[in-house]
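What the coordinates show
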Amino acid sequence: MTPTTIRFGTSGWRGILADDFHVAGARAVSAAVARWVCETSPRPRVVVAHDTRFLADRFASAAARVLTAAGVRPIRASGPVPTPVASFGVRQRRAAAGIIFTASHNPAEYHGLKVVGPWGGGPTGEITGRLEEWAAEVLASGPPPEAEPRGGSVDLRGPYLEGLLGQLDVSCLRRSGIHLFYDALHGTGAGVLDEALRRCGLFVELRRGDRDVHFGGESPDPIPARLGSLGREVRKARGLTLGLATDGDADRFAVIDSDGRQLSESEALALLVDHLARTGRVRRGVAISIATGSLVERVARSHGLSVRRLPIGFKHLTAALMEGEADLAGEARGGFAWGRLARDKDGILASCLLAEVVAERRAPLRARLAELEREHGRSACGRVAVALSERAGRGLAALRSSPPSRVDRARVVGCDEGDGLHLALEDGFLMYRASGTEPVLRIYAEARGPRLLSRRLRVGAALLSRAAR
């Protein structure tokens, strides 16, 4: 029997293919999106795109037929495209919405979809709640009508690349002579990020750029465990080098410096904020998630930028960009957006801008990072995940009802239960939160150095375990 519950997490609806995520649900969500856009637009059009996953094109075709039958014109992407490309296409073509079939960084057995609003980012909780309700009605009443769409597919990559290159310092990149290594992890970033950098006159070695629905037997997630070989290649190469990686749908990024070591997301975000502020391309402010390291905030404020911390889930950061409160947005999970081009996570944009940092300074990223740390203090951030078991849930509930006054040697100076449990410490933070996309509970932490961070994460896991007894 087909499951009847559809729930949007922090980034769309996703689950195990043919179990939690299924064709009936994809059709139901498509019908719900059609109902939504028909209420807001007299002649609605919806971008329909997909990534490189198994059956992704079939899901996209089904969505296009449902939209057509509902009186909505689908704008089909010609082949797999990154999520940032599809999101840009929604704005560039003035569509009423977008439906992107992707499970992002999740393992190959997962599938999913993301809904994009006309502003080019995720919808609000109020909108997703309505979509869930309407989709449930469709599932209960039977399959929605379908009709074959008219017209063919459209190129979304070309306009995106043109828009991206228009925001980059192409002449600076062209003069730099950087040797770039890019690991696409068999995802949709291949052919877009490397193409953008080549148009800037750079030499790019592409790794894992072919389509593999099994992603080489690993999750298309650019974490250190997946990027060991990329780090070794970068370290062995001569001259000015840089390693870049994106996840399955290229909305998240990772960066490896010339020494072969991966920078943390907070370190990379601090460099991006500093670079765009120094070059006069950001003026209003920065929006960051509550689990982002304090170095980002200190760097932003040193440039006279306001900083707003928001709950985890990029839709909250998107809202800050739309409302004009911020020009930049970032989170401690490889998500970054710059309002000039993107209002949702764009790993391609972030990667190109980090290459700009290297090109401008003709030095590795850690050289500038060391300067920022000398000026603003060190900040090491990280996270671990534990299975979202009954025991883990019991432990989190106990900690929320009776938060500790100290975490290891650090005093707790603040407690926020608005998004999981966030304990502000005198030298960082410790945070617990159930994932919105996977059956895990994540523990985030910040400390003044890598060793203290490792200890804090271990202590955080031990606190959770003891609280569950």
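Conventions adopted
- Residues numbered from 1 in each chain as written.
- Predicted model: local features only at pLDDT ≥ 70, side-chain atom pairs only at ≥ 80, totals over all residues.
- Heavy atoms only, no water.
- Patch = residues over 30% accessible without salt bridge, like charges linked within 9 Å, V, L, I, M, F, W, Y side chains within 5 Å.
- Areas by Shrake-Rupley, 256 points an atom, 1.4 Å probe, with all protein chains shown as cover.
- Salt bridge = Lys/Arg side-chain N within 4 Å of Asp/Glu carboxyl O.
- Lys, Arg positive; Asp, Glu negative; His and termini not counted.
- Charge placed at Lys NZ, Arg CZ, Asp CG, Glu CD.
- Helix = DSSP H or I, 4+ residues; strand = E, 2+ residues; numbered from the N terminus.
- Buried < 20%, exposed > 50% of the residue type's maximum accessible area, 1.4 Å probe, protein only.
- Polar contact = N/O pair within 3.5 Å; in protein donor to acceptor, adjacent residues only side chain to side chain.
- Contact = heavy atoms within 4.5 Å.
- Phe/Tyr/Trp six-rings, centres within 6.5 Å; stacked < 30°, edge-to-face > 60°.
- Expected span 1.5 Å × (residues − 1).
- Pairing = 2+ DSSP bridges.
- Axes fitted to C-alpha atoms, helices over the stretch in contact; angles between N-to-C directions.
- Parallel < 35°, antiparallel > 145°, perpendicular 65-115°, else oblique.
- Nonpolar A, V, L, I, M, F, W, Y, C, P; charged D, E, K, R; others polar.

Taken together, the side chains of Arg 391, Arg 394, Arg 466 and Arg 469 make up a positively charged region of the molecular surface. Structurally, Arg 469 is set in the segment after α15 (450-467). We classify Arg 469 as exposed; its relative accessible area is 73%.

Moving on to the side chain of Asp 221. As for its position among the elements, Asp 221 is in the loop between β7 (203-207) and α8 (228-236). Taking the relative accessible area as the measure of exposure, Asp 221 reaches 9% and is therefore buried. In terms of polar contacts, Asp 221 uses its side chain to reach the side chain of Arg 333, at 2.9 Å. Aside from chain neighbours lying at most four places away, what touches Asp 221 is His 105, Leu 185, Arg 226 and Arg 333.

Once that is clear, we can look at the packing of aromatic side chains. Inspection of every chain in the model, using the stated rule, returns 4 aromatic pairs. Between Trp 13 and Phe 21, the ring centres sit 4.4 Å apart and the planes meet at 40°, which makes this aromatic pair tilted. Feature note: the residues Trp 13, Phe 21, Phe 59 and Phe 101 constitute an aromatic cluster, connected by ring pairs.

This part takes up helix α12 (residues 347-361). Its 15 residues place the ends of α12 22 Å apart at the C-alpha level, agreeing with the 21 Å of an ideal helix rising 1.5 Å per residue. Judged by how many residues are buried, α12 sits mostly within the fold: 13 of 15 residues are covered. At the N-terminal end of α12, a side-chain oxygen is found 3.0 Å from the backbone nitrogen of Ile 348, two or three residues along, and the residue is Asp 346. One or two positions beyond α12, positive phi appears at Arg 362, with a value near 50°.

Residues in a regular strand project their side chains so that they alternate between the two faces of the sheet. Strand β4 (residues 97-101) sits mainly inside the fold: 5 of its 5 residues count as buried. Side chains Ala 97, Ile 99 and Phe 101 of β4 all project onto a buried face; the interleaved residues Gly 98 and Ile 100 project onto the opposite face, where all are buried too. With 5 bridges joining them, strand β2 (residues 45-50) and β4 adopt parallel strand pairing. Paired with Val 48 across the bridge in β4 is Ile 99.

With that out of the way, let us pick up unusual backbone geometry. Positioned with a positive phi, Ala 18 is a non-glycine residue whose angle comes to about 70°. As for its position among the elements, Ala 18 is in the loop between β1 (13-16) and α1 (23-40). For Ala 18, a relative accessible area of 68% gives the class exposed. Even without glycine at this site, Arg 208 takes up a positive phi of about 50°. Given a relative accessible area of 23%, Arg 208 falls into the partly exposed group.

Here the focus is the packing of helix α14 (residues 390-401) against α15. In a packed pair of helices, the relevant descriptors are the angle between the two axes and the axis-to-axis distance. It is the contact of α14 with α15, at a shortest axis distance of 7 Å, that shows an interaxial angle of 95°. On the basis of their axis angle, the class for α14 and α15 is roughly perpendicular. Between α14 and α15, the residues in contact are Arg 391, Ala 392, Arg 394, Gly 395, Leu 396, Ala 398 and Leu 399 and Leu 463, Leu 464, Ser 465 and Ala 467, respectively. Here the contact of α14 with α15 is composed, by residue class, of 7 nonpolar, 2 polar and 2 charged.

Further remarks concern the pairing of strand β5 (residues 110-116). Counting buried positions over the 7 residues of β5 gives 7, a clear majority of the element. Looking at chain direction, β1 and β5 are connected through 4 bridges and run antiparallel. Across the sheet, Arg 14 pairs through a bridge with Gly 112, a residue of β5. As judged from the 4 bridges shared by β4 and β5, these two strands associate in the antiparallel manner. Residue pairing for β5: Ile 100 is matched across the bridge by Lys 114.

The 4 strands lie next to each other as β7-β6-β8-β9, forming an open sheet whose pairing is mixed. The open sheet has two edge strands with one neighbour each: β7 and β9 (253-256). Shown here is a sheet whose adjacent strand axes are inclined to one another by a mean of 20°, direction ignored.

For the rest of this paragraph, the subject is the side chain of Thr 246. Structurally, the position occupied by Thr 246 is in strand β8 (residues 241-246). For Thr 246, a relative accessible area of 0% corresponds to the buried category. A polar contact of 2.7 Å, which involves the side chain of Thr 246, links it to the side chain of Tyr 182. Leaving out residues up to four positions away in the same chain, Thr 246 has contacts with Tyr 182, Asp 183, Ala 184, Leu 185, Gly 189, Leu 193, Pro 222, Arg 252, Phe 253, Gly 347 and Ser 351.

Pairs can form between side chains of opposite charge whenever their charged atoms are close. One pass over the structure, following the stated rule, counts 36 salt bridges. Close ionic contact of Arg 207 with Glu 233 constitutes a salt bridge, the shortest N to O distance being 2.6 Å. Here Arg 207, found in strand β7, pairs with Glu 233, found in helix α8; they are 26 residues apart in sequence, far enough to count as distant. A relative accessible area of 24% means that Glu 233 is categorised as partly exposed.

Turning our attention to α1. Helix length check: α1, at 18 residues, gives a terminal C-alpha distance of 26 Å against a target of 26 Å (1.5 Å per residue), a fit within 8%. Among the residues of α1, Gly 25, Ala 26, Ala 28, Val 29, Ser 30, Ala 31, Ala 32, Val 33, Ala 34, Trp 36 and Val 37 are the ones counted as buried. In the core, the buried residues of α1 are packed alongside β1, β2, α2 (56-69), β4, β5 and α4 (125-141).

With that settled, the discussion passes to the packing of helix α10 (residues 294-302) against helix α13 (residues 365-376). Remark: α10 packs on α13, axes separated minimally by 11 Å, with the N-to-C direction vectors making an angle of 85°. For the element pair α10 / α13, the angle class is roughly perpendicular. Packed against α10, whose contacting residues are Leu 295, Arg 298, Val 299 and Ser 302, the element α13 presents Leu 369, Leu 372, Glu 373 and His 376 at the interface. Looking at side-chain class alone, the contact of α10 with α13 contains 4 nonpolar, 2 polar and 2 charged residues.

Here we come to the environment of Gly 217. Counting through the fold element by element, Gly 217 comes out in the loop between β7 and α8. In this structure the C-alpha to C-alpha distance between Gly 217 and Ala 387, which are 170 residues apart in sequence, comes to 20 Å.

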